[in-house]
Amino acid sequence: MERRAFFKLIGAGAVIAAGGAMTACSSSGGLASPLAPASSTDEGPCVADDPEVSFSSEADVLVVGSGIAGLSAAMAPLEAHRSVMIVDKLELLGGESYSATGVMYVSGSALQKRAGIATTTEQAWDARKQAYADAGIVDLDFAKRLFTTAPEWVDHLVDDYGAQFEDPSDYVKAGASEGMLLPKRGLGDMESVMTPLRDGLSAKGASFSTGLVASAFVVDESGAVCGVRFRDAKSNAVTDVGARVVVVATGGFASSQPLVHANVPSQERIGCYTTASMGEGQLLCAHLGGQLADMNKPAPLTSDLPQAAAWGLFGPVLIVDALGRRFAREDDMNAAADACVADDRGYWWTVFGKGLSSGAQARSIAQVTTKNAKRMVGPFDDVEALAGGLGLPADALKATFDGYGALVDAGKDADFGRTAFLQKIEPPYYALKQFPVRYKTRGGVRTDAEGRLLNAAGSAIANVYACGSVAAGSVEGLATNGAFGLIVGRAVAKALDERDAEK
Ligand SMILES: Cc1cc2nc3c(=O)[nH]c(=O)nc-3n(C[C@H](O)[C@H](O)[C@H](O)COP(=O)(O)OP(=O)(O)OC[C@H]3O[C@@H](n4cnc5c(N)ncnc54)[C@H](O)[C@@H]3O)c2cc1C
């Protein structure tokens, strides 16, 4: 156990464990704007009773956050026989990645090639690039690096960790995009990817701790980060972990009302789906002098029944608002929620029929509708009866069905640009009511191409890396964040080798 008085805590008070409350601290001890950048000497002195630093355990690499980015970052250092400790504030590992819907935009993986899909990553990049540019992502070079690393990440997960994905032929044959991967049992089954990954890391020697909230960086007398102070999520007791490298993989800030209020006020009145994405990593890194970027860019919204937002990617559905009008393309997980908020529509219905409930994602449909039976109406044999179930005038809904039917007959969605499953909905009809929610954020800490945390001058802060949704470069979701973790883990393993070679 190492106990030295000259260790300093940076960011203590930025994160307060007990009760999950979180604020940002100014150097005078008061509340600052959650975005206020801290100077590199700001020690965040809000917590007056911080005990002296005393490391109860040490590791070469300390990964804070056990979502897809953190677990993926642990792979390369473990494979290089480094000691790795992964710590999460929740009692369960996996973070928001574990409860995600599971649609992964990947092209060129061996899994896809085995399914007869010939599209290469490069060929797929053009379309993806356009989607990213449309979404306002600026650093397209780094986005491309993540996108092109994603197939390698998938192959590594499958070959070396036993992660299980669904055979893409299941849904591609039915007409879904060939640029998507799903976990083994389809939508809502991230367990099939993350549990083998966790177990594989454990078999390689990773140690895991849960229920510990990272609350400050520990720096040594030279000012270099050499560990992290954690607070027990229940008792607030202190645990200090020493590390040669710290990887911050604490996710986004969609659950933090103060951070959303400060950065994306246009979304502050929308409910949030997650509770754990509190932006602690962003605040801690800012206290260390790390630069934050792009946090004011609104992220897309989704349904409060997130899996249902993905159904249109895998089968025919029709989205209608409270007046029975179609208002967004159905083959996009964000379009309905975004349009619902933009036009103050309040909520929407996803209408589906036989073609969806007997298709490749039948498990998800059964699971979501059973769990949310009170949010569903149906079965109905005709549109008039469906309109009655939705409390709408039959004429209004009939006009929507007729208009949609004409688009299907024309083979082109001239209204909203839907391309997948532009097919008629076959009775019996069902409809599921949904509301828009925040579920992810854009922006975060700035890193270089290897994931090293950058300060305001653009220089790397020694010993600290970041990956996944905590970082400004995170781009999209599961696959890009997994690829980000892989890149960072490799960079960390290489940096440790180089450091040891210099000794
Ligand atoms: C409902 C839902 C559906 C989604 N569906 C999709 C989808 O279909 N496709 C897609 O690509 N993306 C999807 N996403 C987005 C995707 O889940 C995220 O982009 C991704 O999971 C982020 O991974 P991450 O590892 O960066 O963060 P997370 O998975 O959020 O992991 C961060 C971890 O850090 C821990 N942590 C946070 N603060 C601290 C602290 N102070 N100390 C210790 N630990 C801490 C958290 O508890 C958490 O376990 C979805 C998200 C949600 C919420």
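Calculation rules
Residues numbered from 1 in each chain as written. Predicted model: local features only at pLDDT ≥ 70, side-chain atom pairs only at ≥ 80, totals over all residues. Heavy atoms only, no water. UniProt positions renumbered as here; feature names shortened; annotations may be inferred. Helix = DSSP H or I, 4+ residues; strand = E, 2+ residues; numbered from the N terminus. Rg over C-alpha atoms; globule rule 2.2 N^0.38 Å. Buried < 20%, exposed > 50% of the residue type's maximum accessible area, 1.4 Å probe, protein only. Areas by Shrake-Rupley, 256 points an atom, 1.4 Å probe, with all protein chains shown as cover. Lys, Arg positive; Asp, Glu negative; His and termini not counted. Charge placed at Lys NZ, Arg CZ, Asp CG, Glu CD. Near = heavy atom within 4 Å. Polar contact = N/O pair within 3.5 Å; in protein donor to acceptor, adjacent residues only side chain to side chain. Nonpolar A, V, L, I, M, F, W, Y, C, P; charged D, E, K, R; others polar. Phe/Tyr/Trp six-rings, centres within 6.5 Å; stacked < 30°, edge-to-face > 60°. Contact = heavy atoms within 4.5 Å. Salt bridge = Lys/Arg side-chain N within 4 Å of Asp/Glu carboxyl O. pLDDT = per-residue confidence, 0-100. Expected span 1.5 Å × (residues − 1). Axes fitted to C-alpha atoms, helices over the stretch in contact; angles between N-to-C directions. Parallel < 35°, antiparallel > 145°, perpendicular 65-115°, else oblique. Left-handed = near helix turned anticlockwise from the far one by under 90°.

The protein chain carries the name FAD-dependent oxidoreductase in an unreviewed UniProt entry, which gives Gordonibacter massiliensis as its organism. Word for word, the UniProt comment on the protein chain under Cofactor (unreviewed entry) is "FAD".

*Asks:* When you look at the overall build of the protein chain in this model, what are you seeing that I'm missing?
*Replies:* In terms of regular secondary structure, the protein chain is built from 16 helices and 20 strands. The C-alpha atoms of the protein chain give 24 Å as radius of gyration, which agrees with the globular expectation for 503 residues (23 Å, within 12%). For the protein chain, the spread of C-alpha atoms along the three principal axes comes to 75 × 50 × 35 Å. Out of the 503 residues in the protein chain, the part that is buried amounts to 56%. A total accessible area of about 19,800 Å² is found for the protein chain, and carbon and sulfur atoms account for 51% of it. Placing the 45 positive and 59 negative side-chain charges of the protein chain at their respective mean positions leaves the two points 1 Å apart.

*Asks:* Which parts of the structure should I look at to understand the site of the ligand?
*Replies:* Neighbouring the ligand are 34 residues; Asp88, Ser97, Val103, Ser469 and Leu478 lie closest to it. One of the backbone nitrogen or oxygen atoms of Ile68 is found 3.2 Å away from an oxygen atom of the ligand. The contact in question runs from a nitrogen atom of the ligand to an N or O atom on the backbone of Val103, over 2.7 Å. Relative to its unbound accessible surface of 1,000 Å², the ligand loses 98% to contact with the protein. Here the residues of the shell around the ligand sort into 15 nonpolar, 15 polar and four charged.

*Asks:* Help me understand the packing of aromatic side chains, please; the structure alone is not making it clear to me.
*Replies:* Each aromatic ring pair is specified by the distance between its two centres and by the angle formed by the two planes. Per the stated rule, a full pass over the model turns up 11 aromatic pairs. Here the aromatic rings of Phe352 and Tyr430 are separated by 5.5 Å at their centres, their planes lie at 15°, and the arrangement is stacked. Highlighted residues: Phe352 in strand 14 (residues 348-352) and Tyr430 in strand 16 (residues 429-434), separated in sequence by 78 residues. With a relative accessible area of 2%, Phe352 lands in the buried category. Relative to Tyr429, the ring of Phe401 has its centre 5.4 Å away and its plane inclined at 70°; by these criteria the two rings are edge-to-face. Taken together, the positions of Phe401 in helix 15 (residues 394-410) and Tyr429 in strand 16 put the pair 28 residues apart, joining distant regions of the chain.

*Asks:* When you look at the UniProt feature "domain: FAD-dependent oxidoreductase 2 FAD-binding" (unreviewed entry) in the protein chain in this model, what are you seeing that I'm missing?
*Replies:* The UniProt record annotates "domain: FAD-dependent oxidoreductase 2 FAD-binding" (unreviewed entry) at residues 60-483. Segment residues 60-483 splits into 35% helix and 20% strand. End C-alpha atoms: 21 Å apart.

*Asks:* Just to check I follow, could you spell out the side chain of Asp321 for this structure?
*Replies:* Tracing the sequence through the fold places Asp321 in strand 13 (residues 317-321). Given the relative accessible area of 2%, Asp321 is considered buried. A polar contact of 2.8 Å, which involves the side chain of Asp321, links it to the backbone nitrogen of Leu323. A polar side-chain atom of Asp321 sits 2.4 Å from a polar atom in the side chain of Arg345. With residues near it in sequence (within four places) discarded, Asp321 still touches Phe327, Arg345, Tyr347, Trp348 and Trp349.

*Asks:* Teacher, can you tell me more about the pattern of salt bridges here?
*Replies:* When their charged atoms lie close together, side chains carrying opposite charge are able to pair. Under the defined criterion, the tally for this structure stands at 28 salt bridges. Arg325 serves as the salt-bridge partner of Asp321, at 2.9 Å between the closest nitrogen and oxygen. Under the relative-accessibility criterion, Arg325 is labelled partly exposed at 42%. A salt bridge links Asp448 to Arg452; the shortest N-O distance between them is 2.7 Å. Members of the salt-bridge network, linked through shared partners, are Asp60, Arg82, Arg244, Asp497, Asp500 and Lys503.

*Asks:* Would you take a moment to explain the confidence of the model for the protein chain for this structure?
*Replies:* Predicted coordinates in areas of low pLDDT are best not read in detail. Averaged over every residue, the pLDDT of the protein chain is 92; the share at 70 or more is 92%. A low-confidence stretch, residues 17-48 (pLDDT under 50), is modelled with 75 contacts involving residues beyond four sequence positions or located in other chains.

*Asks:* Would you mind showing me how to read helix 1 (residues 68-79) here?
*Replies:* Residues separated by three or four positions in an α-helix point in the same direction, a consequence of the helix having 3.6 residues per turn. With 12 residues, helix 1 extends 17 Å between its outermost C-alpha atoms, agreeing within 8% with the 16 Å of an ideal straight helix rising 1.5 Å per residue. Burial within helix 1 is extensive, with 11 of its 12 residues counted as buried. Of all the residues in helix 1, the buried ones are Ile68, Ala69, Gly70, Leu71, Ser72, Ala73, Ala74, Met75, Ala76, Pro77 and Leu78.

*Asks:* Looking at this structure, I do not really get the packing of helix 1 against helix 16 (residues 478-502). What am I missing?
*Replies:* How two helices pack is summed up by the angle between their axes together with the distance between the axes. Contact pair helix 1 / helix 16: the axes reach a minimum separation of 7 Å and the direction vectors enclose 30°. In terms of axis orientation, helix 1 runs roughly parallel to helix 16. The crossing of helix 1 and helix 16 is right-handed. Facing helix 1, whose interface residues are Ile68, Ala69, Ser72, Ala73, Met75, Ala76 and Pro77, helix 16 presents Leu478, Asn481, Gly482, Gly485, Leu486, Gly489, Arg490, Val492 and Ala493. Split into classes, the residues belonging to the contact of helix 1 with helix 16 amount to 10 nonpolar, five polar and one charged.

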